[in-house]
Amino acid sequence: MKKYFNKEMCASCKGACCKEMGCVYLPSDFECLEFEYLKNLLNQGKISISGQPFNGFCSDDWSYLLYLRARNVSSPIVDLFSKGGPCINLTEIGCSIADINKRPALGLTVEPCKVGGPCHQHYTNDFSWLEYNDVLKQLSEYYSNKSFLEVLVTQAKDMNLRIIEKLKNKEELFNFEKFYYKWYREIMLGKPYYEIEEIKYLLNP
Ligand code: SF4
Ligand code: SF4
């Protein structure tokens, strides 16, 4: 996967995209993806368990793909419907992860091309996290002390209230909030939820 980087442009921008949301890792960013190893990493405070909802078999159901992202300031370890950034690694002089090869892989698929953004996203769908969904789910349950579905729905409700508050205050929504808001409607319409194990062959045939 080609990596994009423009230190000067991102420095003058002061990280507009990093203020919106911490970027997403790929499994290949980690030397180990076992429970204890990831737990130690998560305990260091710089990474969250996150992900995104999507349709499964058809538009009348839904599931959720888990992955790891750079943690957002004041966000919890399990951050399934994130309130967004700034990313915890963002400093006045840019990303504190000095070695770009250690930055989240999907952040490096963004080609800096416009100060203030939006910049060009070269990412194409990558479902390599599917293989590690189980361990991320176990970690979500370990940290939240709730079933995965329970924490997912609770956080979706919290997200919905946050967005309604922003709308009431006439604050502009980020794109990810518009995406979540649309999903909340679908989830609460009572569409059936599928465990990702039941449908992952559809994503990764
Ligand atoms: S919005 Fe673009 S220019 Fe600004 S920090 Fe992000 S990639 Fe760099
Ligand atoms: S990890 Fe670095 S590049 Fe990615 S969002 Fe955070 S500050 Fe920006």
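Small disclaimer: the values here were computed from a predicted structure and weren't measured. (Residues numbered from 1 in each chain as written. Chains lettered and ligands numbered in written order. Predicted model: local features only at pLDDT ≥ 70, side-chain atom pairs only at ≥ 80, totals over all residues. Heavy atoms only, no water.)

## With respect to the site of ligand 1
All residues adjacent to ligand 1 are Met 9, Cys 10, Cys 13, Gly 15, Ala 16, Cys 17, Lys 114, Gly 117 and Cys 119. Elements supplying a minimum of two residues to the shell around ligand 1: α1 (7–13) and α2 (16–20). The leading source of residues in the shell around ligand 1 is α1, at three residues. (Near = heavy atom within 4 Å. Helix = DSSP H or I, 4+ residues; strand = E, 2+ residues; numbered from the N terminus.)

## Quick notes on the site of ligand 2
Near ligand 2, the surroundings consist of Cys 18, Met 21, Gly 22, Cys 23, Ala 70, Cys 87, Asn 89, Leu 90, Cys 95 and Pro 104. Looking at the shell around ligand 2 residue by residue, the class counts come to eight nonpolar, two polar and no charged. (Nonpolar A, V, L, I, M, F, W, Y, C, P; charged D, E, K, R; others polar.)

## Some points on unusual backbone geometry
Along the chain, Gly 85 connects to Pro 86 via a cis peptide bond; the corresponding omega equals 15°. Structurally, Pro 86 can be placed in the loop between β2 (63–70) and β3 (90–91). Cis peptide bonds are those with omega within 30 degrees of zero, and the linkage from Gly 117 to Pro 118 qualifies with 0°. Tracing the chain through its elements places Pro 118 in the loop between β5 (110–111) and β6 (120–121). The residue Lys 14 is not glycine, and still its phi comes out positive at about 65°. Mapped onto the elements of the fold, Lys 14 is located in the loop between α1 and α2.

## Here's the deal with the pattern of salt bridges
Tallying each qualifying case throughout the model produces five salt bridges. For the salt bridge of Glu 36 with Lys 39, the shortest nitrogen-to-oxygen distance reads 3.6 Å. Of this pair, Glu 36 and Lys 39 both sit in helix α3 (residues 35–43), three residues apart, which is roughly one turn of that helix. Where Glu 177 meets Lys 166, a salt bridge forms, and the shortest distance between an N and an O atom there is 2.9 Å. With Glu 177 in helix α6 (residues 175–188) and Lys 166 in helix α5 (residues 148–168), this residue pair connects regions lying 11 residues apart in the sequence. Using a relative accessible area of 6% as the deciding quantity, one classes Glu 177 as buried. (Salt bridge = Lys/Arg side-chain N within 4 Å of Asp/Glu carboxyl O. Buried < 20%, exposed > 50% of the residue type's maximum accessible area, 1.4 Å probe, protein only.)

## Observations concerning the packing of aromatic side chains
Counted under the stated rule, the structure contains 12 aromatic pairs. Ring geometry for Phe 174 versus Phe 176: centroids 5.6 Å apart, planes at 15°, classification stacked. Phe 174 sits in the partly exposed class, given a relative accessible area of 35%. Classification of Phe 176 as buried rests on a relative accessible area of 12%. The rings of Tyr 64, Phe 81, Phe 148, Phe 174, Phe 176, Phe 179 and Tyr 180 are connected pair by pair, giving a single aromatic cluster. (Phe/Tyr/Trp six-rings, centres within 6.5 Å; stacked < 30°, edge-to-face > 60°.)

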